[in-house]
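Working through the structure, step by step
Here is how the chains run, residue by residue.
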Amino acid sequence: MLAAEPGSLNVRDLKNALVDALWSGPAGIAVFDADLRFVGVNDALAAMNGLPPEAHVGRSLAEILRLLPDDPRRAAVERSEAIARAVLASGRPRRNVPLEPVPPGDRARGWICSYFPLPDVGARGGVCVLITDMSDARDRQEQTERARERAEESARRLKLLQEVTAGLSRADTAEAIAQLVVDRVRVAAGASAGSLRLLEGDELVLAEESGAHAVRGRFPRISTRDSYPVSEVVRRREPIWLGNVEEFQRFPAFAETAAQLGVRAGVAMPLVGHGYVLGALSLGFAEPRAFGQDERDFLLAVAEQCAQALGRAQLLEAERTQRRRALQARDRLARLQAVTAALSRASTSSDVARVLVMQAKEALGASSSVAYLLDAAGVRLQFAAAVGGAEAEHGRARLVPLDAPLPGAEAVRRGEPIWVEGAAQLSAQFPELPRWAPHTARMHALVALPLKVGDRVLGVVNFGFDEPRVFDGEERELILAAAQQCAQALERARLLDAERQARVGEERARATLDAIFDYAPMGIGLIDRELRFVRVNPSLAEINGLPAAAHAGRTPRELMPDLPNDEVEAAFREVLSSGQPKLDVELSGETPAAPGRLRHWVESWYPVRVEDEIFGLGVLVREITAEREAAEFQRNVLGIVGHDLRNPLSAITTSARLVVRQAGDPAAVTRLGERIAGNAERMQRIIAVLVDYARVRAGTGIPLRRQPSDLGALCRSVAEECEASHPGRHVRASGAPEVHGEWDPDRLCQIIANLLSNALDYSPLDSTVDVSWRAAGERAIVQVANDGAPIPPALLPTLFDPFRRGERDRAGGKDGLGLGLFIARAIATAHGGTLEVRSAPGERTVFTLTMPLR
């Protein structure tokens with residue numbers, strides 16, 4: 001308690017002084033009587049209410065505020081009056097009571113009130129209310145919060161800039177730089193889309209694009225002359241800030257695109273490095289945006305870092321390009337040396353031509369090459385060898401007149417090489433070239449080199465390039481050196497050929513023919529004018545399935561009656577009479593080598609002359625059965641995909657639509673769901689069978705996961721499943737109690753299920769199918785027997801071939817892919833076992849699976 005001293009204020013005086021000071025302070029003070037009518041207010045509160053202090057006396061707060069019945073401030077006034085009454089009644093103060101802004105949202109009227117009882121006011125006491133306006137405090141708090149947010153945003157941007165800088169320091173390609181910058185900066189800036197374009201000539205080429213509004217490929221290239229923001233920033237070297245759609249109208253074409261993509265603000269910044277514009281970075285925003293200075297500084301800093309990184313990447317790429325070119329030059333020189341070495345071993349004109357088109361092509365990095373030799377008369381070019389696109393089309397131009405409008409013919413006529421370094425130049429200089437050689441339509445560069453020894457031209461070689469090519473002096477020297485070496489090799493081969501022809505007589509020719517006959521990988525035969533075999537090589541004997549000696553003196557009709565002999569003999573006689581060969585004739589039939597199997601061959605028949613007299617004809621035979629079977633496989637697979645998969649897929653699609661329509665019927669939805677699942681499983685089984693078939697045809701075999709397995713348990717389990725899927729049918733399973741081995745249980749079940757399903761499908765509905773198992777030494781045996789009609793003898797040899805379906809009537813009326821037995825035998829083979837069938841009239845049809853236990 002304060003004590004009074006002589007010459008000082010007493011306690012009452014001090015209190016009065018403090019009250020006077022508080023009454024004159026910035027806080028609002030109001031004194032109410034027991035009826036909550038103003039007794040007095042200080043100037044601060046009077047200013048708050050907009051009335052002089054004396055106008056408050058005797059009036060309530062509601063009257064001062066002129067509240068209407070629906071005034072939103074009434075709730076706050078009633079709450080304040082309720083608190084004042086509670087203070088009057090209890091005599092206890094209430095401090096720091098916040099009142100909502102009056103009216104809501106009015107920042108100027110945010111209050112904190114303290115209520116104190118005044119027993120000395122009037123007969124029933126009163127209340128003093130101390131009111132603090134929190135508007136300034138709130139403003140200061142919000143300013144502090146905004147400052148904190150700006151600081152945090154600056155720190156975040158600084159951190160991101162550091163991360164981008166660190167990432168750019170590691171990125172060494174323009175693609176990596178573009179991806180890093182667009183992904184990071186777009187997210188950091190809150191942009192809905194972002195893109196980075198690199199300047200190539202007078203075009204900005206899209207390098208990276210991301211965001212919800214990004215449409216990759218919509219504008220892959222933009223000309224720097226177009227009316228787009230990125231075009232203008234490249235021209236002006238200054239950024240463009242577009243805060244709203246009205247500002248987009250500066251660029252009408254861009255404004256339309258931005259409206260379609262939902263972009264309402266954007267920025268485009270040039271990427272300038274080492275004094276050159278390298279590209280442009282742009283961001284799009286889904287809402288209008290005021291770009292503050294901090295945000296602009298940040299984005300410009302990112303653009304600067306990106307430009308520096310792009311400049312560094314371009315220098316690195318230039319260095320890599322130079323290094324690559326140096327390595328390519330070294331590699332070309334090494335390849336040229338390899339050409340020289342290969343040519344030194346080539347002893348014939350054909351060998352030289354093959355070395356020329358193959359190894360010289362690789363040495364020069366060409367995409368195709370074709371060589372022609374000048375004929376003896378010097379008026380035509382004869383095809384010698386080709387590789388690349390020219391290889392498939394050499395038949396179009398086997399003989400080329402020297403006056404033909406082609407690069408090779410012109411090079412021979414002029415005796416000089418022809419260099420074409422662009423597609424436009426090639427099209428303008430030789431417009432007829434694609435008609436002679438369609439593959440040249442894709443070429444962007446070409447070289448035609450005459451092969452000369454002295455002033456004499458021996459031939460020409462063409463090299464084609466799929467990319468534009470500039471042949472500098474060094475490269476031209478390498479190419480001309482290769483051509484010169486080839487020309488010398490051709491001349492050497494020609495001289496060697498002439499020497500051999502002069503030195504080698506008929507016996508050597510016969511020995512050569514013998515060697516060809518003995519070792520040629522294709523069938524070769526000689527037939528006399530009576531159409532009887534004179535001689536066949538081992539390959540043809542193997543194709544026909546008869547010893548070579550058995551052919552001599554006999555006709556093809558006598559040896560192979562199942563061939564189309566009428567057509568063959570007519571063709572033989574035409575060759576003998578006309579002297580013109582018949583090339584690549586396709587034949588189909590059966591030979592003793594594979595009875596009952598249809599095989600296919602491509603044969604060429606040509607006249608054989610001795611001193612201009614035809615004494616017989618030669619036969620060249622190449623078997624194409626495998627190719628035909630591959631084509632048949634493709635047709636079958638397409639048939640399966642188009643038919644077997646289409647049905648379940650259609651069922652799934654229809655069921656899915658019905659599920660949507662039957663959403664209110666749980667039972668219907670369940671049935672449709674089961675139908676969808678069943679058809680999906682059917683498709684999965686079809687695909688699994690096709691995958692297994694492809695594996696077997698590719699030679700990789702069926703993959704196995706071996707593990708200890710109980711054969712009896714597997715057989716019984718499969719038997720139960722087959723009974724369940726064939727209502728009304730009975731499968732009798734019996735066998736030895738303990739037959740264990742190391743097998744793939746899933747694959748083994750696949751074999752048994754296939755055999756049982758076939759047995760059930762091909763046997764009478766009232767019959768029983770048996771599956772039995774036993775061990776025999778180190779092997780396990782499973783047998784499946786049924787009482788169905790015997791398999792026709794003609795079908796037995798091909799029963800396990802693929803796509804054998806529809807050749808017997810199934811009891812259930814179902815049809816399969818025709819791959820089940822083929823896959824089953826492949827699985828048995830993968831286990832090291834066998835799968836055989838026995839079927840005869842009066843006996844049960846029995847399939848026997850035999851496998852090693854370990």
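Keep in mind that what you see is a predicted model, and the values were worked out from it rather than measured. (Residues numbered from 1 in each chain as written. Predicted model: local features only at pLDDT ≥ 70, side-chain atom pairs only at ≥ 80, totals over all residues. Heavy atoms only, no water.)

Scanning the protein from N- to C-terminus turns up 26 helices and 29 strands. Counting every position in the protein, which comprises 854 residues, the buried fraction comes to 42%. Residue pairs at least 24 apart in sequence account for 54% of intrachain contacts in the protein once pairs closer than 6 positions are excluded. Carbon and sulfur atoms provide 53% of the accessible area of the protein, an area that totals close to 45,600 Å². (Helix = DSSP H or I, 4+ residues; strand = E, 2+ residues; numbered from the N terminus. Buried < 20%, exposed > 50% of the residue type's maximum accessible area, 1.4 Å probe, protein only. Contact = heavy atoms within 4.5 Å. Areas by Shrake-Rupley, 256 points an atom, 1.4 Å probe, with all protein chains shown as cover.)

Inspection of the secondary structure assignment puts Asp466 in the loop between strand 17 (456–465) and helix 16 (473–503). Along the backbone, Asp466 and Arg442 are 24 residues apart, and their C-alpha atoms lie at a distance of 6.2 Å. The contacts of Asp466, once residues within four sequence positions are left out, are Ser367, Arg442, Met443 and His444. In terms of polar contacts, Asp466 uses its side chain to reach the side chain of Ser367, at 3.2 Å. (Polar contact = N/O pair within 3.5 Å; in protein donor to acceptor, adjacent residues only side chain to side chain.)

All chains considered together, the criterion is met by nine aromatic pairs. Here Phe285 and Phe291 contribute two aromatic rings whose centre-to-centre distance is 5.6 Å and whose plane-to-plane angle is 65 degrees, an arrangement assigned as edge-to-face. Summarising the burial analysis for this pair, Phe285 and Phe291 share the class buried. Through a chain of ring-to-ring contacts, three or more aromatic side chains come together here, namely Trp241, Phe285 and Phe291. The lysine or arginine in question, Arg825, covers the ring of Phe800, its NZ or CZ lying 3.8 Å from the ring centre. (Phe/Tyr/Trp six-rings, centres within 6.5 Å; stacked < 30°, edge-to-face > 60°. Lys NZ or Arg CZ within 6 Å of the ring centre and 35° of its normal.)

With that settled, consider helix 4 (residues 74–90). With 17 residues, helix 4 ought to run about 24 Å at 1.5 Å a step, and its terminal C-alpha atoms sit 24 Å apart, in line with that. Buried within helix 4 we find Ala76, Val77, Ser80, Glu81, Ile83, Ala84 and Val87. Each buried residue of helix 4 sits inside an arc of 160 degrees when the element is viewed along its axis, so together they form one side. For helix 4, the exposed residues lying more than 90 degrees away from the buried face are Ala75 and Ala89. On its buried face, helix 4 is in contact with helix 3 (61–65), strand 3 (94–99), strand 4 (111–118) and strand 5 (126–133). Following helix 4 by one or two positions, Gly91 has its phi on the positive side, about 75 degrees. (Expected span 1.5 Å × (residues − 1). Arc of directions from axis to C-beta.)

Once that is clear, we can look at the environment of Ser223. Here Ser223 lies in strand 8 (residues 221–223). Using a relative accessible area of 13% as the deciding quantity, one classes Ser223 as buried. Along the chain, Ser223 and Gly201 lie 22 residues apart, while their C-alpha atoms are 9.2 Å from each other.

The next point concerns the packing of helix 24 (residues 711–725) against helix 25 (residues 745–761). Relative to each other, helix 24 and helix 25 sit at 45 degrees, their axes nearing to 9 Å. When the axis of helix 24 is compared with that of helix 25, the two are oblique. Helix 24 and helix 25 meet at a crossing whose hand is right-handed. When helix 24 is examined against helix 25, the residues Leu711, Leu714, Cys715, Val718, Ala719 and Cys722 are found in contact with a partner set consisting of Pro745, Leu748, Cys749, Ile752, Ala753, Leu756, Ser757 and Leu760. Residue composition of the contact of helix 24 with helix 25, by class: 13 nonpolar, one polar and no charged. (Axes fitted to C-alpha atoms, helices over the stretch in contact; angles between N-to-C directions. Parallel < 35°, antiparallel > 145°, perpendicular 65-115°, else oblique. Left-handed = near helix turned anticlockwise from the far one by under 90°. Nonpolar A, V, L, I, M, F, W, Y, C, P; charged D, E, K, R; others polar.)

Below, the discussion takes up the sheet that holds strand 14 (residues 399–401). Taken in spatial order, the six strands line up as 14-13-12-17-16-15 in an open sheet, and their pairing is antiparallel. The open sheet has two free edges, formed respectively by strand 14 and strand 15 (418–420), since each of these has just one partner strand. Across this sheet, the average inter-strand angle for adjacent strands is 25 degrees, counted without regard to direction. Contacts from helix 11 (residues 349–364) reach strand 12 (368–374), strand 13 (380–387), strand 16 (445–453) and strand 17 within the one sheet, and its direction differs from that of strand 13 by about 55 degrees. (Pairing = 2+ DSSP bridges.)

By size, the foremost hydrophobic cluster in this structure holds 41 residues, and its most contacted members are Leu711, Trp743, Leu748, Leu756, Val771 and Leu849. Counting residues per element, the ones that place at least two in this core are helix 24, helix 25, strand 26 (768–776), strand 27 (779–786), helix 26 (820–830) and strand 29 (845–852). The element that contributes the greatest number of residues to this core is helix 25, accounting for eight residues. Contacts of Val771, omitting those with residues within four sequence positions, involve Cys715, Ala719, Val731, Arg732, Ala733, Ser734, Ile752, Leu756, Val782, Gln783 and Val784. Among the nonpolar cores identified, the runner-up in size contains 33 residues, and Ala371, Val387, Phe471 and Ala483 belong to it. (Core = buried A, V, L, I, M, F, W, Y, C linked by side-chain atoms within 4.5 Å.)

Before going further, it helps to examine unusual backbone geometry. One non-glycine residue, Leu36, lies in positive phi territory at about 60 degrees. By secondary structure assignment, the location of Leu36 is in the loop between strand 1 (28–33) and strand 2 (38–41).

Attention now goes to the sheet that holds strand 24 (residues 730–735). The sheet built from five strands is open, its strands ordered 24-26-27-29-28 with mixed pairing. Either end of the sheet is taken by a strand with one partner, and the two such strands are strand 24 and strand 28 (834–838). Geometrically, the sheet is characterised by an average inter-axis angle of 15 degrees between neighbouring strands, direction not taken into account. Sheet analysis places strand 28 next to strand 29, joined by five bridges and oriented antiparallel.

Quick look at the packing of helix 25 against helix 26 now. Where helix 25 contacts helix 26, the axes come no closer than 9 Å and their chain directions differ by 145 degrees. Where helix 25 crosses over helix 26, the two elements pack in a sense that is left-handed. Residues Arg747, Gln750, Ile751, Asn754, Leu755 and Asn758 of helix 25 form the contact with helix 26, whose participating residues are Gly820, Leu821, Ile823, Ala824, Ile827 and Ala828.

Right, let's talk about the environment of Phe383 for a bit. Along the polypeptide, Phe383 turns up in strand 13. With 17 residues separating them in the primary sequence, Phe383 and Val400 have C-alpha atoms 8.1 Å apart.

Right, let's talk about the pairing of strand 1 for a bit. The buried fraction of strand 1 amounts to five of the six residues, a majority that puts the element mostly inside the structure. Of the pairings in the sheet, the one linking strand 1 to strand 5 comprises six bridges and is antiparallel in character. By the bridge assignment for strand 5, Val31 is matched with Cys128. Where strand 1 meets strand 2, three bridges bridge the pair, whose relative direction is antiparallel. The residue of strand 2 that forms the bridge with Val31 is Gly40. Between strand 1 and strand 2, which pair antiparallel in sequence order, lie four residues; one of them, Leu36, sits at a positive phi of approximately 60 degrees.

Our next topic: the pattern of salt bridges. One pass over the full model with this rule turns up 24 salt bridges. Among the ionic pairs, Arg289 bridges to Glu295, the shortest N-O distance being 3.0 Å. Between Arg844 and Asp770 there is a salt bridge; the shortest N-O distance is 2.8 Å. Of the two residues, Arg844 sits in the loop between strand 28 and strand 29 while Asp770 sits in strand 26, which places them 74 residues apart along the sequence. On the basis of relative accessibility, which here comes to 13%, the residue Asp770 falls in the buried class. (Salt bridge = Lys/Arg side-chain N within 4 Å of Asp/Glu carboxyl O.)

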